[in-house]
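# Commentary on secondary and tertiary structure
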Amino acid sequence: MYKFILAFRYMFRKRISYFALAAVALCVFIVVVVMTIMNGLVDDFKQKNHSFTGDCVVQSESLVGFAYYEDFVEILDKENFIAAVSPVIKSYALVSLAGSSRNSGVEITGIDPIRHSSATGFGKSLYYHKNNTSKTFEPDYEPNLPGCVLGIDLVLTRNAKGQYNQREFILQKALVVSCFPLTAKGALSKAGTGLVNTKTFYYSDNSHSALASADSSVIYLPFEQAQLLCGMAGSTKRANAIHIKFKSNVKLKDGCGKVAVLWDKFKKAQQSQKQAALLDAVSVKSWKDSRRSFIAAMEKEQIMLTIMFVLVGVTTVFIVFVVFYMITSHKSKDIGILKSVGVSVGGIVNLFSNFAILVGLLGSALGSFAGWLFLLKINSIEQWLFEHFQFQLWDRTIYAIGSIPNRIEVDLLAVVIASAILACLIGAVLPGWRAAKCKPVDILQVSQL
Amino acid sequence: MNKENFILQAAELYKTYRLGKANVDVLKGVDLTINKGEFIAIVGASGSGKSTLLHILGTLDRSDKGEVSFAGQNLAKLKMRKLNKFRNKTIGFVFQFYHLLDELTVLENVLIPAMAQKSVFGWLFSRKTAKNRAKELLARFGLAGRIGHKPYQLSGGERQRVAIARALMNEPELLLADEPTGNLDSETGNGILKVFETLNKAGQTIVMVTHDEKIARRAGRIITLVDGKIENNV
Ligand SMILES: Nc1ncnc2c1ncn2[C@@H]1O[C@H](COP(=O)(O)OP(=O)(O)O)[C@@H](O)[C@H]1O
Ligand SMILES: [Mg+2]
């Protein structure tokens, strides 16, 4: 019992204990806040990539694409673990506003808007046709014109708060898209003649995937038109990728595995076909693998941040260690007295561990609470700072962040609190043990001199 | 003197302190027998090794050579756990500088020996009895009104009486006191000695260390420590 009474008294009666408490609280606060924001950003980024891609992609590494995709789409459509399938054309093109001679290079993505909206988050990324995806490529100002959807950053600017300057009614814009058609062998199909396919499309909607790379470079065209432009609509039609969405109860790994098996079977069945060689460049990837290069960079930052915070943790252990070292030296008389009345070394170590746990618990409670409060208000704080001082943590004209993520993950919190308590224990037990091991006479004698 | 009568016996105790390269031989063969119910004063010049001897008798320190036995049990043979229990149950220590825990109240200080060897549950069961005993002890020493005070709020004499109450908490068979009046004026010191006399009359065995012959004369037997040995047993 003395272990608890004394631990409490040391905690609340010694000013130096409050320093240890403050160190722990501050550390927990910083770790919780920064890790929450960072994890939030990473999760958010992953989720956007997931939404952009669907669950699984069967894709060719070559711009030539692969043949017989229609047969495979048919096979996939029949599978009951699959919710939606969307074949896609991917290529590059030059685009200019009609009447202007300025070109810019873009990625074109040919899709069936209904299929693609079921397989990915494409439909939700639209502005005018969010709830009416079948009419995606029908410009409101003239539904019979061939429409195109522009990555949002290609048409709109953002205000300082990061919001796009959307218009209530879409402006008429005609875009001339020039594409380089490729033969099945990969050669330019019109070599020596006109070389390019050119067609004019009309701005019918914009797509906001919140992925900077996509929003600033992708133009969506109707599937058949894109196929035609890219020279893939010959007697044997080709596509570049098939995006797949699984039913909600299907695990990503299982689903992708099943698709891979289906693909291998399909590929074997096509062996004798004329363009079977194109199928070799095709692979089945989960959305994570497909977007690997984008996500990996973000995850690397996350890992680096975690390492940095392990170092912050080490610093806290050291601070706690110093504080405990001071307290045990300060309280060596108490230790001598306790030992002289029959308290064991274990009892004294126990006393200081109780003290450490108390410091760790109170410190992390305080730090977590402050972190929670801060995260709760972080967006309003940022907004206030912006309104009064024009200060923004992330310049919204550059970063594709809406609000700062602030949902604390319970398991992160648990790990942080457990680590804080462990850190305190490490910091306390060592000096406690050292002090407890001293002979009581040495301590009591010294304080007699 | 029959065997039942003595509770503590020391034979041929040697103790040497090493100070750098120099050796300080403090005890050079001390023989001592303490009988039940005795009030013994150990006197000697400052630095003659009185405290060292008392610490060895109370198991706070060990001799280099020789043997201390309590009720026939060789204390050197006790394991750590038994030794802690021995310190807790059998010995009560009173120091010159009181050595109270500053963060605890008077009552809590007195209760420490009762808590020392108990688990939280054990303590919850025995708490009432222990508190009553502590309060009764404090009342006996005229401290009934100060149980909630902190040591810094007490005078030297009062602190020493708290320390005595703490030493008596577990009803030890042997009370060891190292210069218990050394830090007090003579009147207050006299009060402490009266407490010892009363305790001794009630049967408490006491060994008290002092450098003051006058104080020593209050005890039943005086042992003089000279040159690391007991000079004469009166
Ligand atoms: N821990 C120690 N280390 C070295 N020398 C010590 C230690 N404790 C006591 N001494 C020395 O031993 C001698 C006896 O000390 P002590 O027993 O305290 O004497 P007394 O209590 O009679 O004044 C002194 O010379 C003292 O300096
Ligand atoms: Mg002394």
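Before reading further, recall that the structure is shown in the block above.
Quick summary incoming for the structure in this document. (Residues numbered from 1 in each chain as written. Chains lettered and ligands numbered in written order. Predicted model: local features only at pLDDT ≥ 70, side-chain atom pairs only at ≥ 80, totals over all residues. Heavy atoms only, no water.)

### Quick notes on the overall build of chain A
Within chain A one finds 14 helices and 11 strands. Relative to a compact globule of 449 residues, whose C-alpha radius of gyration would be 22 Å, chain A shows 32 Å and is clearly more extended. Referenced to the eigenvectors of the C-alpha coordinate spread, the extents of chain A come out at roughly 105 × 55 × 40 Å. Taken over 449 residues, chain A has a buried fraction of 47%. Counting only contacts in chain A whose residues sit at least 6 apart along the sequence, the fraction spanning at least 24 positions is 79%. When the accessible surface of chain A is totalled, it reaches about 21900 Å², and 60% of it is carbon and sulfur. The averaged location of the 32 negative side-chain charges in chain A is 10 Å from the averaged location of its 46 positive side-chain charges. (Helix = DSSP H or I, 4+ residues; strand = E, 2+ residues; numbered from the N terminus. Rg over C-alpha atoms; globule rule 2.2 N^0.38 Å. Buried < 20%, exposed > 50% of the residue type's maximum accessible area, 1.4 Å probe, protein only. Contact = heavy atoms within 4.5 Å. Areas by Shrake-Rupley, 256 points an atom, 1.4 Å probe, with all protein chains shown as cover. Lys, Arg positive; Asp, Glu negative; His and termini not counted. Charge placed at Lys NZ, Arg CZ, Asp CG, Glu CD.)

### Quick notes on the site of ligand 1
Neighbouring ligand 1 are Gln445(A), Tyr17(B), Leu19(B), Val26(B), Ala45(B), Ser46(B), Gly47(B), Ser48(B), Gly49(B), Lys50(B), Ser51(B) and Thr52(B). One finds residues of chains A and B in close proximity to ligand 1. Here Gly47(B) contributes a backbone N or O atom positioned 2.7 Å from an oxygen atom of ligand 1. Protein burial of ligand 1: of its 550 Å² of free accessible surface, 71% is covered by the chains. The element best represented in the shell around ligand 1 is helix α1 (residues 50–57) of chain B, accounting for three residues. Residue classes in the shell around ligand 1 are distributed as four nonpolar, seven polar and one charged. (Near = heavy atom within 4 Å. Polar contact = N/O pair within 3.5 Å; in protein donor to acceptor, adjacent residues only side chain to side chain. Nonpolar A, V, L, I, M, F, W, Y, C, P; charged D, E, K, R; others polar.)

### Considerations on the pattern of salt bridges
Side chains that differ in charge, positive against negative, can pair when their charged atoms come close. Residues and elements named next belong to chain B. One pass over the full model with this rule turns up 17 salt bridges over all chains. In this structure, Lys15 and Asp61 form a salt bridge, with 3.4 Å as the shortest nitrogen-oxygen distance. Highlighted residues: Lys15 in strand β1 (residues 6–19) and Asp61 in the loop between α1 and β4 (65–70), separated in sequence by 46 residues. Looking at Lys15, the relative accessible area reads 6%, which means it is buried. (Salt bridge = Lys/Arg side-chain N within 4 Å of Asp/Glu carboxyl O.)

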